[in-house]
Amino acid sequence: MDYVFPKQKVWEMRLNRAAKALNQHGFLAETVPDRAAARQRVLELVGPDETVGVGGSVSIREAGIIEALQARGTMVNHHWLAPFGTAERLALRRKTLTSDWYLASANALSETGEVVNIDGVGDRIAAMIFAVPKVILVVGRNKLAPTLADSQRRAREVAAVINSHRVGMGGTPCIKAGRCLDCNVEERGCRITVLIERAPLDTEFHVLLVNEDLGY
């Protein structure tokens, strides 16, 4: 019998708890053991002739999902193909909203079955809640928080601050402080916060909960 590390087992319990709550809230949630399994599940869900839009998700990229889809010939649109701040990049953001599927992650997810995201432009949130008919979130265990309040704090205090570092928002106070100061500067990326309490009506909304850290 293979040995299961206690850390993995505890995370498995928490992820299963979250999956059960998400399913009760109308999502199509399941747990997978690692990024390879998440990648394979995405390939199973997305038809080879369907188009895929991807937001600025580090989790999706760390899991190698874009490369796997492209390797089998699936058309993948994502704005990281164009330089930051260009009209081409904005056009690609809009193009992802016309895809058959949208792939993203979450800034935080509660064990009680709610999804929290913070955007600057809003394309990712728009895709999730209405624009794209089929959605898959690939969520690493590090995004999990016990309660809704905890997940809201995580999204703002952890994910948003690290994301500001990632995109080089040097003018935001959180870069120097290492924590959110609820600033009002032009470069602020935390402009739209959305809580998805239940799966949106008329959207096929999958959540893959991964027993591995992905993104931040």
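Residues numbered from 1 in each chain as written. Predicted model: local features only at pLDDT ≥ 70, side-chain atom pairs only at ≥ 80, totals over all residues. Heavy atoms only, no water.

### Things to note about empty space enclosed by the protein
The condition that has to hold: Here the term cavity refers to a set of points on a 1 Å grid, laid over the protein atoms alone, in which a 1.4 Å probe fits but cannot get out; the term pocket refers to an open set having protein on both sides within 12 Å along at least five of seven lines, with lining residues being those that place an atom within 4 Å of a point. Grid points are joined across faces, edges and corners, and a volume is the space filled by probe spheres set on the points. Put simply, DSSP marks the helices as runs of H or I at least four residues long and the strands as runs of E at least two long, and each gets a number from the N terminus on. Gly falls in the polar group here, along with every residue not listed as nonpolar (Ala, Val, Leu, Ile, Met, Phe, Trp, Tyr, Cys, Pro) or charged (Asp, Glu, Lys, Arg).
Using the criterion set out here, one finds one cavity of 30 Å³ or more in the structure. Space inside the largest cavity adds up to approximately 110 Å³. As for the largest cavity, its lining consists of 14 residues, and the residues nearest its centre are S164, C174, C180, C183 and C190. Only α7 (148-166) and α8 (173-177) provide two or more residues apiece to the lining of the largest cavity. Per-element accounting of the lining of the largest cavity gives the leading share, four residues, to α7. Of the residues that constitute the lining of the largest cavity, the class distribution is eight nonpolar, three polar and three charged.

### Observations concerning the environment of L15
How we decide: A simple rule labels every residue: compare its accessible area, found with a 1.4 Å probe on the protein chains alone, to the largest value its type can have, and call it buried under 20%, exposed over 50%, or partly exposed in between. We call two residues in contact when some of their heavy atoms are within 4.5 Å.
Relative to the elements of secondary structure, L15 occurs in helix α1 (residues 6-24). The exposure class of L15 is buried, given its relative accessible area of 1%. As a C-alpha pair, L15 and R141 span 126 residues in sequence and 7.1 Å in three-dimensional space. Leaving out residues up to four positions away in the same chain, L15 has contacts with T31, R141, L144, L209, V210 and N211.

### Points about the pairing of strand β10 (residues 204-210)
What counts here: DSSP calls a pair of strands paired once it identifies at least 2 bridges connecting them.
The buried fraction of β10 is high, at six of seven residues. Alignment of strand β1 (residues 28-32) against β10, held across five bridges, turns out to be parallel. Bridge pairing links T31 to L209 in β10. Bridging between strand β7 (residues 134-140) and β10 involves seven bridges; their strand directions are parallel. Across the sheet, residue V139 finds its bridge partner in β10, namely L209.

### What to know about the side chain of T74
Inclusion rule: Nitrogen and oxygen atoms within 3.5 Å of one another constitute a polar contact, given that in protein one can donate a hydrogen and the other can accept it, and given that sequence-neighbouring residues count only through two side-chain atoms.
One can find T74 in the loop between α4 (65-71) and β3 (76-78). Judged by relative accessible area, which is 4%, T74 ranks as buried. Separated by 2.9 Å, the side chains of T74 and R72 make a polar contact. Not counting chain neighbours up to four residues away, the residues in contact with T74 comprise G47, P48, E50, V52 and L69.

### What about the nonpolar core?
Nonpolar side chains in soluble globular proteins tend to end up buried together. Heads up, the condition is: Only buried residues count toward a nonpolar core, which is a set of Ala, Val, Leu, Ile, Met, Phe, Trp, Tyr and Cys residues joined through side-chain atoms within 4.5 Å.
By size, the foremost hydrophobic cluster in this structure holds 26 residues, and its most contacted members are L109, L137, F205, V207 and L209. Mapped by element, the contributors of at least two residues to this core are α1, β4 (101-104), α6 (123-131), β7, β9 (192-196) and β10. In terms of residues, this core owes the most to one element, α1, which gives five residues. Sequence-distant contacts of L137, defined by excluding residues within four places in its chain, comprise A104, S105, A106, V115, M128, F205, H206, V207 and L208. Membership of the second largest hydrophobic core comes to 22 residues, among which are V42, V54, V76 and V210.

### Observations regarding the packing of aromatic side chains
So the rule is basically this: Stacked, tilted and edge-to-face are the three classes applied to pairs of Phe, Tyr and Trp rings, where Trp contributes its six-membered ring and a pair requires centres within 6.5 Å; stacked means planes under 30 degrees apart, edge-to-face means over 60, and tilted covers the rest.
Here the structure, examined in full by the defined rule, presents one aromatic pair. Aromatic pair F27 and F205: ring centres 5.1 Å apart, planes at 85 degrees, arrangement edge-to-face. Here F205 lies in strand β10 and F27 lies in the loop between α1 and β1, a separation of 178 residues in the sequence. For the pair shown, F27 and F205 are each scored as buried.

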